[in-house]
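Coordinates in review
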4 protein chains.
Amino acid sequence: MSGINKVILVGHLGKDPEVRHLDGGVTVASFPLATSETYNKDGKRIEQTEWHNIVLWRGLAEVASKYLQKGKLVYIEGKLRTRSFEDKERVKKYVTEVVAENFTILGRKSDFEQTPATGENSTPKSETDYIDPTDASGDLPF
Amino acid sequence: MSGINKVILVGHLGKDPEVRHLDGGVTVASFPLATSETYNKDGKRIEQTEWHNIVLWRGLAEVASKYLQKGKLVYIEGKLRTRSFEDKERVKKYVTEVVAENFTILGRKSDFEQTPATGENSTPKSETDYIDPTDASGDLPF
Amino acid sequence: MSGINKVILVGHLGKDPEVRHLDGGVTVASFPLATSETYNKDGKRIEQTEWHNIVLWRGLAEVASKYLQKGKLVYIEGKLRTRSFEDKERVKKYVTEVVAENFTILGRKSDFEQTPATGENSTPKSETDYIDPTDASGDLPF
Amino acid sequence: MSGINKVILVGHLGKDPEVRHLDGGVTVASFPLATSETYNKDGKRIEQTEWHNIVLWRGLAEVASKYLQKGKLVYIEGKLRTRSFEDKERVKKYVTEVVAENFTILGRKSDFEQTPATGENSTPKSETDYIDPTDASGDLPF
DNA sequence: TTTT
DNA sequence: TTTT
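My aim in this report is to walk through the structure given alongside it, one point at a time. (Residues numbered from 1 in each chain as written. Chains lettered and ligands numbered in written order. Predicted model: local features only at pLDDT ≥ 70, side-chain atom pairs only at ≥ 80, totals over all residues. Heavy atoms only, no water.)

1. Remarks on the overall build of chain A
Along chain A, the regular secondary structure elements total 1 helix and 7 strands. For chain A, the α and β elements follow one another from N to C terminus as β-β-β-β-α-β-β-β. A fraction of 54% describes how many contacts in chain A between residues 6 or more apart in sequence connect residues 24 or more apart. Surface accessibility of chain A: about 6700 Å² in total, with carbon and sulfur atoms responsible for 47%. (Helix = DSSP H or I, 4+ residues; strand = E, 2+ residues; numbered from the N terminus. Contact = heavy atoms within 4.5 Å. Areas by Shrake-Rupley, 256 points an atom, 1.4 Å probe, with all protein chains shown as cover.)

2. Here we look at the pattern of salt bridges
Applying the stated rule across the entire model yields 28 salt bridges over all chains. For Glu-97 of chain A, the salt bridge is made with Arg-81 of chain A, and the minimal N-O distance between the two is 2.4 Å. Taken together, the positions of Glu-97 of chain A in strand S6 (residues 92–105) and Arg-81 of chain A in strand S5 (residues 73–86) put the pair 16 residues apart, joining distant regions of the chain. Owing to a relative accessible area of 0%, Glu-97 of chain A belongs among the buried residues under this scheme. Lys-6 of chain C is the salt-bridge partner of Glu-77 of chain D, the closest N and O atoms lying 2.9 Å from each other. Of this pair, Glu-77 of chain D sits in strand S5 (residues 73–86) while Lys-6 of chain C sits in strand S1 (residues 4–13), placing the two residues on different chains. One exposure class covers both Glu-77 of chain D and Lys-6 of chain C, and it is buried. Linked by salt bridges that have partners in common, Lys-6 and Glu-77 of chain A together with Lys-6 and Glu-77 of chain B make up one network. (Salt bridge = Lys/Arg side-chain N within 4 Å of Asp/Glu carboxyl O. Buried < 20%, exposed > 50% of the residue type's maximum accessible area, 1.4 Å probe, protein only.)

3. A few points about the side chain of Arg-83 of chain D
Residues and elements named next belong to chain D. Relative to the elements of secondary structure, Arg-83 occurs in strand S5. A residue is classified by how much of its surface remains accessible, and Arg-83, at 3% relative accessible area, is buried. Within the local environment of Arg-83, its side chain forms a polar contact with the side chain of Glu-97, the two groups lying 2.5 Å apart. (Polar contact = N/O pair within 3.5 Å; in protein donor to acceptor, adjacent residues only side chain to side chain.)

4. A closer look at the side chain of His-52 of chain D
Tracing the sequence through the fold places His-52 of chain D in strand S4 (residues 44–57). Looking at His-52 of chain D, its side chain comes within polar contact range of the side chain of Thr-35 of chain D, at 2.8 Å. Setting aside residues up to four positions removed in sequence, His-52 of chain D forms contacts with Asn-5 and Leu-80 of chain B together with Leu-9, Phe-31, Pro-32, Leu-33 and Thr-35 of chain D.

5. Overview of the pairing of strand S2 (residues 18–21) of chain B
Residue and element names in this part refer to chain B. Relative to strand S3 (residues 27–41), S2 is paired through 4 bridges, and the arrangement is antiparallel. Bridge pairing in S3 links Arg-20 to Val-28. With antiparallel pairing between neighbouring strands as the criterion, S2 and S3 make up a hairpin whose turn holds 5 residues, including Gly-24 at a positive phi of roughly 100°. (Pairing = 2+ DSSP bridges.)

6. Concerning the environment of Phe-31 of chain A
Among the structural elements, Phe-31 of chain A can be located in strand S3 (residues 27–41). Along the primary structure Phe-31 of chain A and Glu-18 of chain A are separated by 13 residues, whereas in three dimensions their C-alpha atoms are 6.3 Å apart.

Structural measurements only, silent on function.
As structure tokens, then:
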């Protein structure tokens, strides 16, 4: 019991999100995300790109389909999940995905037209939870 | 716009959580958390401990007050917040806290009796969101 | 360019690390790690376990083979890497691994006999880099 | 013992890095970093900015002073450290800083002229450590 | 004091 | 298949 399974990525979308509506009305979105790192080898600049399968559910999928497009730079937080499936030849295969729990578009305003977006899964947290009404007082938790 | 402010800690509580109920019924809990790292200096084993002020709000504060006690090992995820206050002599001071967004008790089952606890802020996420009904099928997002 | 690919796991080893020495003397270690999360579904406690393929290189592999055993609770930080290989039937397959960049054994002292271990890749960082010689003075960076 | 103290930030520099050379030749750089989050309150868009004190040592400080300037968007990974000092009136004060362990400039090429930079503390890791010579073969750790 |  |  008691474990942590967390992934943090910053990268560019390789494609527009692909959106599907499952039976029951649940929305799922997915897209490939590229994270690149550059290093030197024998004086040469090598770029190594890793591709990640990003999956988003429900409300987060809706927000993604609205605000994310191919090429955008995003911060994604989520968890790893490996699942099995059968391909067309009924061979069992495995795929590891990053199930997104929230995301934030990075970069300049010009990069994302008018509307910045931050997705957070399920019921959007009332962020006002974090506004401390005692902030300005001398009456502190510490 | 568009930033990330994330803290990840694994450490032991220095004290039991201190719980307060603000006007309006909002619950706040706080406790000090120690994260230690050990390194070698001139062949000697040096332990360096850092203390963090952890603050939890609302539901997360309730869960913490119930399941966390001095000495427990916990994983905490949250964000940094620096706020100012006036001390008793009315001198302006600053304190940086980690506002917890979720936590998980680590360690062995025997460490926390029968009930493992994972807190997550605000409305508890329906974790079943993450169960993919198409898991076993060949009908996949990828 | 410019991406982030980071994985943070806390879980238990499913097996002892398996160590291999490649041609050229490079050491590689690998083991499966389980991260479990517990949630409620219809009032029932459901535990969901995710298995991760952890790979460690060189010095980190050596440290892991020495201090990690089946059942141990560890914190692992690393990055995702998906690579292809051919199985015995020469079918191309993909596997996603977590290439560890450092790890820390968690839990009680009694859990790991006398010697706590923290691995960090390549040349072990001189942690004394972080000791600020001006700490106690009034001569500060800020 | 055995703890984790990790901070992950994405934000903009509020000022150019300030570089100091300590006795003994050690370089320290520091700058304020802003992480902003936007949320809705009563239908109004509220932006909340948090300021962090970033400190970098030695090689990382050198790289930062060269490639980071006011306004740049950066990913920073580091750890929390609270230290005390005496102000001019010899009053003991505390400040919490983020001691950077590595950073990456984010954003478009045009944002950072010609030279992308990634800093990593101390002896730069040979990233080739991570290139698996067995990648293309069927001879795998798993 | 940044950025959108 | 992204980006620089």
